[in-house]
Amino acid sequence: MAYYVTTPIYYVNAEPHLGHAYTTIAADVLARHMRQRGEEVFFLTGTDEHGEPVTQVAEREGITPRELGDRNYVRFKELAGALGVTNDFFIRTTDPEHHEVVRRVVQRIHDNGHVYAGTYEGWYCPRCADFKTDSELVDGSRCPIHLIELEREHEDNWFFRLSAFQEPLERLYAERPDFVTPQIRFNEARSFIEQGLHDLSLSRARLKWGVPVPWDETQVIYVWIDALINYYSALSYAREGEDLTERFWPADVHLIGKDILKFHAVIWPAMLMAAGIEVPRRVAIHGHLLMGEHKMSKSLGNVIDPFQVVDLYGADALRYYAMREVRFGQDGGVSPEGFEARYTSDLANEYGNLASRTLAMIVRYREGVVPEGELPSELVETFDGLAGEVRSFLDATDPSGALEEIWQRVRRLNGFVQEEQPWKLAKDASQHERLDSVLCGLAEGLRVVSLLLWPFVPTAAERLLDALRVQDRSFGAARFGAGSGGATLGELGQLFPRVEPPTASAA
Ligand code: MSP
């Protein structure tokens, strides 16, 4: 089966921060998990390089928007690399092939009768690239998100008849209760639709940086219309000489932050309906990572630099922290202290030490060969149904739920070592069989949790699976009891070594 997952395309107006890494990590977890299940996966990420968010910063820096894009898109690409992300393509909205598809789709919306010439009168925030209503503004004229003074605009441009899609959208929401997840965001999008939709500017007259409107080259296509089409356009040129659209469209899941819900859950499906293209299967929304009380954002200056964290602790640590610390779908605080605590207590102690202790005991008591004992019934019970639960959580786009389930078993394995005290069993000849059973249960438990943890912490999981000599790395193999003893262990080393955190002045 084909599976298509996307991240938002990130604005190239600033350096990437942990907030951007967050969505990309979540998408990578889903992509890896589905590949592990044997599905044919296409995973897309990339950069959004048009519109005022980019031109304004370029202007401030005295360079062209293209130069800014060329410089900064590399950072987003590098971030994906640093995080060990397995995207199949990296799209830039400046790609000429993307332009071509944007023009084609917009032309279809036009030809289907959903575009008309009009005049936009109202507020516009160039930082959001979004039109604002009077009631949204603070102090009468300021953007509720960026708090900057807005100007009232008066501009002739082309309009998309969004209002005509109110009913079709209501129907979509009635028929597809999982079109948007989690439920609270589904409700939010539906009530936005039910309150009545206004037509939307499809083009901008003042701006020059963007994709020209096919039938009126004096205007460029509104940046959000252009950007949303990336999900569709990429499939037509990501693989040279091949069009993947048939195979992968409609997308299985668009992962996004709650800040861009309206665009993805309302405008995007309406655009697709207007163009006669199938709508995606799901839009999955996550919350915001907060530093203190505020959304982490470059403009607030309260960011955690993912490159620095990965340099010091490795990609796995950041991936784990991002998926674990904040429940996917909700807002939650992150901090360097919180990160270090998770690294030490969860990764180094609970997973890393469990692995090194278990392997060391097999070396010491069984000459490095995993014994073929009977699996301890306590562990059989503990692991019963785990893979199915993980699968359900990930199918529901809840990576933190899946991780929590797996981690309960990691904890249980640690508890099992404490209860059994294999070092005592080793001293008692009558306990020989029990020791075989305990060691073989621990090795089997480590095999299963590592297979399931692989999408989250691929490097560590692979190292441990290598040391355990596990051949079959598929999701289907993640059943307690499916493995076998007899393997001669390889070297492991420390999975999560101690790291001296940077001092405050160096950070
Ligand atoms: N270019 C648009 C998206 C176009 S998609 C067709 C845009 N870009 S952005 O650079 O501002 O990135 C937005 C996305 O980055 C959010 O939707 C979210 O996925 C992620 N995040 C940015 N800051 C974040 C947090 N502080 N917390 C969580 N996610 C955050 O909007």
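Our structure's up above, just so we're on the same page.
Overview of the structure. (Residues numbered from 1 in each chain as written. Predicted model: local features only at pLDDT ≥ 70, side-chain atom pairs only at ≥ 80, totals over all residues. Heavy atoms only, no water.)

**Quick look at the overall build of the protein**
Now for step 1: From N to C terminus, the protein includes 19 helices and 16 strands.
Now for step 2: Scaling as 2.2 N^0.38, a compact globule of 507 residues should have a C-alpha radius of gyration of about 23 Å, and the protein matches this with 26 Å.
Now for step 3: Principal-axis analysis of the C-alpha atoms places the extent of the protein at approximately 90 × 50 × 45 Å.
Now for step 4: Counting across all 507 residues of the protein, residues that qualify as buried make up 58%.
Now for step 5: In the protein, 76% of the contacts between residues at least 6 apart in sequence involve partners at least 24 apart.
Now for step 6: Entry remark: accessible area of the protein is about 21,200 Å², with carbon and sulfur atoms responsible for 48%.
Now for step 7: Computed over 52 positive and 76 negative side-chain charges, the separation of the two mean positions in the protein equals 2 Å. (Helix = DSSP H or I, 4+ residues; strand = E, 2+ residues; numbered from the N terminus. Rg over C-alpha atoms; globule rule 2.2 N^0.38 Å. Buried < 20%, exposed > 50% of the residue type's maximum accessible area, 1.4 Å probe, protein only. Contact = heavy atoms within 4.5 Å. Areas by Shrake-Rupley, 256 points an atom, 1.4 Å probe, with all protein chains shown as cover. Lys, Arg positive; Asp, Glu negative; His and termini not counted. Charge placed at Lys NZ, Arg CZ, Asp CG, Glu CD.)

**Some remarks on helix α10 (residues 261-275)**
Now for step 1: Given a rise of 1.5 Å per residue, 15 residues ought to cover 21 Å, and the 21 Å separating the end C-alpha atoms of α10 matches this to within 8%.
Now for step 2: For α10, the principal kink sits at Ile 267 and spans about 35 degrees; a proline, Pro 269, occurs within the next four residues.
Now for step 3: Within α10, 13 of the 15 residues are buried, which leaves it mostly tucked inside the rest of the structure.
Now for step 4: Phi turns positive, to about 75 degrees, at Gly 276, one or two residues after α10. (Expected span 1.5 Å × (residues − 1). Bend = angle between axes of the 7 residues up to and from the residue.)

**Examining the site of the ligand**
Now for step 1: Neighbouring the ligand are 26 residues; Ile 9, Thr 23, Asp 48, Leu 289 and Met 296 lie closest to it.
Now for step 2: Contact between the ligand and Ile 9: a nitrogen atom at 2.9 Å from a main-chain N or O atom of the residue.
Now for step 3: In the model, an oxygen atom of the ligand is placed 3.0 Å from a nitrogen or oxygen of the Tyr 11 main chain.
Now for step 4: Computed on the free molecule, the ligand has an accessible area of 670 Å², of which 95% lies beneath the protein chains in the complex.
Now for step 5: Elements with a contribution of two residues or more to the shell around the ligand: β1 (2-11), α1 (18-36), α7 (223-228), α8 (230-237) and β12 (253-257).
Now for step 6: Split into classes, the residues belonging to the shell around the ligand amount to 13 nonpolar, 10 polar and 3 charged. (Near = heavy atom within 4 Å. Polar contact = N/O pair within 3.5 Å; in protein donor to acceptor, adjacent residues only side chain to side chain. Nonpolar A, V, L, I, M, F, W, Y, C, P; charged D, E, K, R; others polar.)

**Some thoughts on the packing of aromatic side chains**
Note on aromatic pairs: each is described by the distance of the centres and the angle between the planes.
Now for step 1: The final tally for this structure, using the stated rule, is 29 aromatic pairs.
Now for step 2: Relative to Phe 263, the ring of Trp 224 has its centre 3.8 Å away and its plane inclined at 5 degrees; by these criteria the two rings are stacked. One end of the pair, Trp 224, is in helix α7; the other, Phe 263, is in helix α10, with 39 residues separating them in the sequence. Across the pair, exposure class does not vary: Trp 224 and Phe 263 are buried alike. (Phe/Tyr/Trp six-rings, centres within 6.5 Å; stacked < 30°, edge-to-face > 60°.)

**Some words on the sheet that holds strand β9 (residues 203-204)**
Now for step 1: Strand order in this open sheet of 3 strands is β9-β11-β10, and the pairing throughout is antiparallel. The open sheet has two edge strands with one neighbour each: β9 and β10 (212-213). (Pairing = 2+ DSSP bridges.)

**Re the nonpolar core**
Now for step 1: Counting residues in hydrophobic clusters, the biggest one holds 96 residues, and the most contacted among them are Met 323, Val 334, Tyr 351, Phe 456 and Leu 464.
Now for step 2: Ignoring anything within four residues of it in the chain, the contact list for Phe 456 reads Val 29, Arg 319, Met 323, Leu 394, Pro 399, Ala 402, Leu 403 and Ile 406.
Now for step 3: Counting residues in each nonpolar core, the second largest holds 80 residues, with Val 105, Phe 165, Tyr 173 and Met 271 among its members. (Core = buried A, V, L, I, M, F, W, Y, C linked by side-chain atoms within 4.5 Å.)

**Quick word on unusual backbone geometry**
Now for step 1: In this structure, Pro 182 follows Thr 181 across a cis peptide bond, with omega equal to -5 degrees.
Now for step 2: Within the secondary structure, Pro 182 sits in the loop between β7 (180-181) and α6 (183-194).
Now for step 3: Note that the residue after Trp 249, namely Pro 250, is joined by a cis bond; omega there is 5 degrees.
Now for step 4: Summarising the element assignment, Pro 250 is placed in the loop between α9 (245-248) and β12.
Now for step 5: Its identity as a non-glycine residue notwithstanding, Glu 367 has a phi of 50 degrees, on the positive side.
Now for step 6: Mapped onto the elements of the fold, Glu 367 is located in the loop between α13 (336-366) and α14 (377-383).
Now for step 7: The backbone of Arg 469 shows a phi angle near 60 degrees, a positive value even though the residue is not glycine.
Now for step 8: Its place among the elements puts Arg 469 in the segment after α19 (458-467).

**Points about the side chain of Arg 324**
Now for step 1: Locating Arg 324 in the fold gives a position in helix α12 (residues 315-325).
Now for step 2: A polar atom in the side chain of Arg 324 sits 2.9 Å from the side chain of Glu 404.
Now for step 3: Dropping the residues within four chain positions of it, Arg 324 is found in contact with Arg 342, Asp 346, Leu 403, Glu 404, Trp 407 and Arg 411.

**A few points about the pattern of salt bridges**
Now for step 1: A full pass over the atoms with the stated rule returns 40 salt bridges.
Now for step 2: Arg 282 is the partner of Asp 178 in a salt bridge, and the nearest nitrogen-oxygen pair spans 3.6 Å. Taken together, the residues span a long stretch of sequence, with Asp 178 in the loop between α5 (166-175) and β7 and Arg 282 in the loop between α10 and β13 (283-286) at a distance of 104 residues.
Now for step 3: On the basis of relative accessibility, which here comes to 37%, the residue Asp 178 falls in the partly exposed class. (Salt bridge = Lys/Arg side-chain N within 4 Å of Asp/Glu carboxyl O.)

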